[in-house]
Every structure is written in structure tokens, then in C-alpha cells.
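Here are the chains, one letter per residue:
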Amino acid sequence: MTDSPDSKNTSAFKHKDQYYRDYLQLDTILNAQHMVSSEPGNIEAHDEMLFIITHQAYELWFKQVLFEVGAVIGIFSQENVAEKDVALAHHYLNRINRIMPVLISQFDIIETMTPGAFTDFRSYLNPASGFQSLQFRQLEIGLGLRAAERREFGGQTFHSRLDQRDRDAAHKATEHASLLEVMIKWLERMPFLEHKDFTFSEALKNVVHEMYEADRERLRNSDSPADGIQQQLDQIDKTEAGFDALFDAEKFEALRREGNLRLSMRASHAVLFIFLYKDYPLLQIPYRLLTQLIELDENMAIWRFRHAQMVSRMIGSKIGTGGSSGHSYLIMTADKHRVFTEISNISSYLIPGQFIPALPDGLAKKLEFNFES
Ligand code: HEM
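Residues numbered from 1 in each chain as written. Predicted model: local features only at pLDDT ≥ 70, side-chain atom pairs only at ≥ 80, totals over all residues. Heavy atoms only, no water.

**With respect to the pattern of salt bridges**
- All told, the structure shown has 23 salt bridges when counted by the stated rule.
- Two residues, Lys 278 and Asp 279, come together in a salt bridge whose shortest N-O distance is 3.6 Å.
- We classify Lys 278 as partly exposed; its relative accessible area is 26%.
- Overlapping salt bridges, with partners in common, bring together Asp 108, Glu 111, Arg 306 and Arg 313 in one network. (Salt bridge = Lys/Arg side-chain N within 4 Å of Asp/Glu carboxyl O. Buried < 20%, exposed > 50% of the residue type's maximum accessible area, 1.4 Å probe, protein only.)

The structure is reproduced here in C-alpha cells:
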């Protein structure tokens, strides 16, 4: 799993001389732009070249992103994930998050095509559509978007627009564990939630209760108008009830059965633990890793939003060539197709630093760097 120099076999450096064009297979790539508008009988549309190259550039980057996601899933599929592998996974996720802004900003380039220029060749593309981007579907599935969570269009899903080969490949992608699934298993294995007679959930539950009781007491003694106080007290009850559900196995399972949650209770506690105690050295990398997942989710949502905006500019409220409602379908997916929302949502349960329960010495020591000279 690591790429340490020690593990390299020197014979791997024996190779035949490479030539730039051949190594990059430029003959294949640079001859893969076929403008349908220039076929006999059609009217050549200058901007079709930009349209093709932009899509191809996206597909190349999708390939790289999928490659990195696959590597991260591989790392977290191990039964025991060494710290240095967590760091490597962070490294790959960070790379994806540096690619995503490039993908988002590429819409600026395609927008140099005017809506009128697009109309000149749009009809030649029917019924091809971004719906049929297999790599995009593999990415969504690989991250952890499940069929049941997908927004449909006219009672259909994207599968209805794929040919058999792509349908099989999309189906195959669902047979592998997703990034979300392997992350949940890894979080569930985190060994720091219990230590001798310390239980993180109990310790937190107690301080949270004390914290809200102190808030209630302060409000009851305040001179503010009674209805305003009542409103705030109701709000505290509501927030505390949210906390209760996080620590009450029955309530938590009920929410999971409704399909609202994908993280198990233990995995959620692990995320909260990492967020609260992130300054301990051993939790730094896990914290950064979770932050990368949140960023990836945000970047995907921004990509979807930016694509939807561009679509609105290009085709207004026309339906898509793939048969969806177009802009209104796409804008809906920007929020609904997020995968790691429960990780970002853990911020709802963060408490001020002075209330965070102190960790017992033995546990705190485990989370620090220890070395003997
Ligand atoms: C003039 C430019 C573009 C227009 C007008 C356009 C339009 C659309 C429309 C209307 C849809 C919804 C499906 C449908 O009914 O066809 C769609 C989906 C999609 N498009 Fe585009 N698109 C454009 C450029 C791009 C580019 C450059 C990419 C980059 C790969 C892309 C990737 C996708 C993907 C992946 C979907 C599926 C999204 C989903 O189902 O969540 N599109 N596009």
C-alpha cells in the first residue's frame, strides 16, 4: 500500500526508450475529435470542437479522480489500516480536491460558446447526453450514492439511457464497497471510545446535559420578555433532543430505519470524538481526512450547481437531450446527491471547548506521540 522507496525493485527501472507521442498515445487521443456537424449534409459548427474537447478533458480528469477514489477505497478495505496509510489516503483525497476546482472552472471555457452557437449543432447530438457518462456514474457509486437516494426524472433513472455495456459496468460498480461504506467500517473500529471505566458517549452526555441545564437556569433568571425566553427554552429542548438521539440506540435505529442516516451510532460517535479531540497528534490525520471528505462532497455539489447554471444559460428551460427536465432536475441533484452530509452535520453536536470532557491519562497518552530516547 505504501510507496516507500525501500520497497522499489530496481529492475523496474529497466525500460525501452520512450517517445513522447507514443508514450502518451497522442495519435489516438488527438484523432478522437470527430465533429458530427462536419459530416456530409450537415452544416459545420465551429464550436462543436470546443464542445467535444471540453467533454473529453472532463472524462480524462474523471478517470484520474476514479483512480484516486479506488486507491482510497483499497486502503480502507484493509482490516487494519496503518497510520501511514491513512496519511496516504489523505494525500489522494487532497489531490482529488485540487482537481475538482479545475473541473468546476472549466465551465467558464464552455460558456465562451454562445447559446446560439450551441443551437447550431445541438440537434446533431440527440439523444446523447451527460446522463450517459459512465465514469461520472461510477464516481457517484464509488463515493457511496445509492440508487434509492437518486432523484428520478419522469419515473426513470439514468440506467434507462445507457446501452447494455455501460449498464453492466454501472451495475458492476455497485457490487464493490463504496468509499462511504469502508469509511464507516473504519470509524466503527476506532478503539478510543472506551478506556477502562471511561465511556466517551456517557462522559459527553453528562456534560451536554449540564451545559443545557446551565443555559436554562440563565434564561429563567433573565429579565427578557417571557415569550422570548420560552422560545429559547423550546429551542434548547429541541437541540438537546437531537443530542439524545445521537446517544440513544433505539432512537438512533429508528432514524436509520427511516433511511435518514447511513452512519451507525458508533461511527457517528467516532466522528464526533475525532472532531472534539482533533488536537491530539494521533487524531490529526483522521481529522484532516474527514475534512477532505466534506470538501469532496462540497466540490461535487459545486460542480453540479455550476453545471446546472451553465445548462440554464445554454438551453433555458428546454428539456435535456437525455430526456430530463434539464436545469430543474440538475439543480435538485446538487444538494440531494451529497454523500458525506452526516460527517459535516456532526458540527451540530460540537460544544464549546470548556465543556469537552477531559480524557483519562492513559487514553490521552495513547493519542500523543510517545518515544523513548
Ligand atoms: C452546452 C453544454 C452542456 C449542456 C447544455 C448540458 C446539458 C445537460 C443536461 C440537460 C443534462 C441532464 C440530462 C439530460 O436530460 O440530458 C446533463 C447531464 C449531465 N451532464 Fe451536461 N451539459 C453540457 C455540458 C456538460 C459537460 C462539459 C459535462 C462534462 C462531463 C457534462 C456532464 C454531464 C453529466 C455527468 C450529467 C449527468 C448529471 C446527473 O444526472 O446528475 N455536461 N447535461
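**Focus: the packing of aromatic side chains**
- Using the criterion set out here, one finds 21 aromatic pairs in the structure.
- Ring geometry for Phe 51 versus Phe 121: centroids 5.4 Å apart, planes at 70°, classification edge-to-face. On the criterion of sequence distance, the pair formed by Phe 51 in helix H3 (residues 48-76) and Phe 121 in helix H5 (residues 115-125) is long-range, its members being 70 residues apart. For the pair formed by Phe 51 and Phe 121, the shared burial category is buried.
- Ring centres of Tyr 277 and Tyr 280 lie 6.3 Å apart, and the angle between their planes is 55°; this geometry places the pair in the tilted category. (Phe/Tyr/Trp six-rings, centres within 6.5 Å; stacked < 30°, edge-to-face > 60°. Helix = DSSP H or I, 4+ residues; strand = E, 2+ residues; numbered from the N terminus.)

**Details of the site of the ligand**
- Of all residues adjacent to the ligand, which total 26 residues, the nearest are Ser 129, His 307, Gly 322, Ser 324 and Tyr 329.
- The separation between an oxygen atom of the ligand and a polar side-chain atom of Arg 304 is 3.3 Å.
- One nitrogen or oxygen atom from the main chain of Gly 322 is found 2.7 Å from an oxygen atom belonging to the ligand.
- Elements represented by at least two residues in the shell around the ligand include exactly H3, helix H6 (134-143), helix H13 (281-315) and helix H14 (327-336).
- Ranked by the residues each element gives to the shell around the ligand, the list is headed by H13, at seven residues.
- Taken together, the residues of the shell around the ligand break down into 14 nonpolar, ten polar and two charged. (Near = heavy atom within 4 Å. Polar contact = N/O pair within 3.5 Å; in protein donor to acceptor, adjacent residues only side chain to side chain. Nonpolar A, V, L, I, M, F, W, Y, C, P; charged D, E, K, R; others polar.)

**Regarding the packing of helix H12 (residues 265-276) against H13**
- Put simply, H12 and H13 touch, their axes get as near as 9 Å, and they point 115° apart. Between H12 and H13, the interaxial angle falls into the category roughly perpendicular. In terms of crossing hand, the pair formed by H12 and H13 is left-handed. Together, Val 271, Phe 273, Ile 274 and Phe 275 of H12 and Leu 283, Pro 286, Tyr 287, Leu 290 and Ile 294 of H13 make up the contact between the two elements.
- Counted by class, the contact of H12 with H13 contains nine nonpolar, no polar and no charged residues. (Axes fitted to C-alpha atoms, helices over the stretch in contact; angles between N-to-C directions. Parallel < 35°, antiparallel > 145°, perpendicular 65-115°, else oblique. Left-handed = near helix turned anticlockwise from the far one by under 90°. Contact = heavy atoms within 4.5 Å.)

**As for the domain arrangement of the protein chain**
- Entries for the protein chain in the domain assignment read domain 1 (19-192 + 264-366) and domain 2 (194-257).
- Between the C-alpha centres of domain 1 and domain 2 there is a distance of 36 Å.
- Facing the 22 residues of domain 1 at the interface are 18 residues of domain 2.
- Buried area between domain 1 and domain 2, summed over both chains or domains, comes out near 1800 Å², and the portion from carbon and sulfur atoms is 77%.
- The largest contributions to the domain 1 side of the interface with domain 2 come from Met 265, His 269 and Tyr 349, which together make up 30% of the buried area.
- On inspection of domain 1 and its partner domain 2, the count reaches one salt bridge.
- Across the pair Glu 194 and Arg 266 runs a salt bridge, and its minimum N-O distance is 2.9 Å. (Domains from an automatic or database assignment. Buried area = accessible area lost by both parts, 1.4 Å probe.)

**As for H12**
- With twelve residues, H12 extends 16 Å between its outermost C-alpha atoms, agreeing within 8% with the 16 Å of an ideal straight helix rising 1.5 Å per residue.
- The buried fraction of H12 is high, at eleven of twelve residues.
- Taken residue by residue, H12 has Met 265, Ala 267, Ser 268, His 269, Ala 270, Val 271, Leu 272, Phe 273, Ile 274, Phe 275 and Leu 276 as its buried positions. (Expected span 1.5 Å × (residues − 1).)

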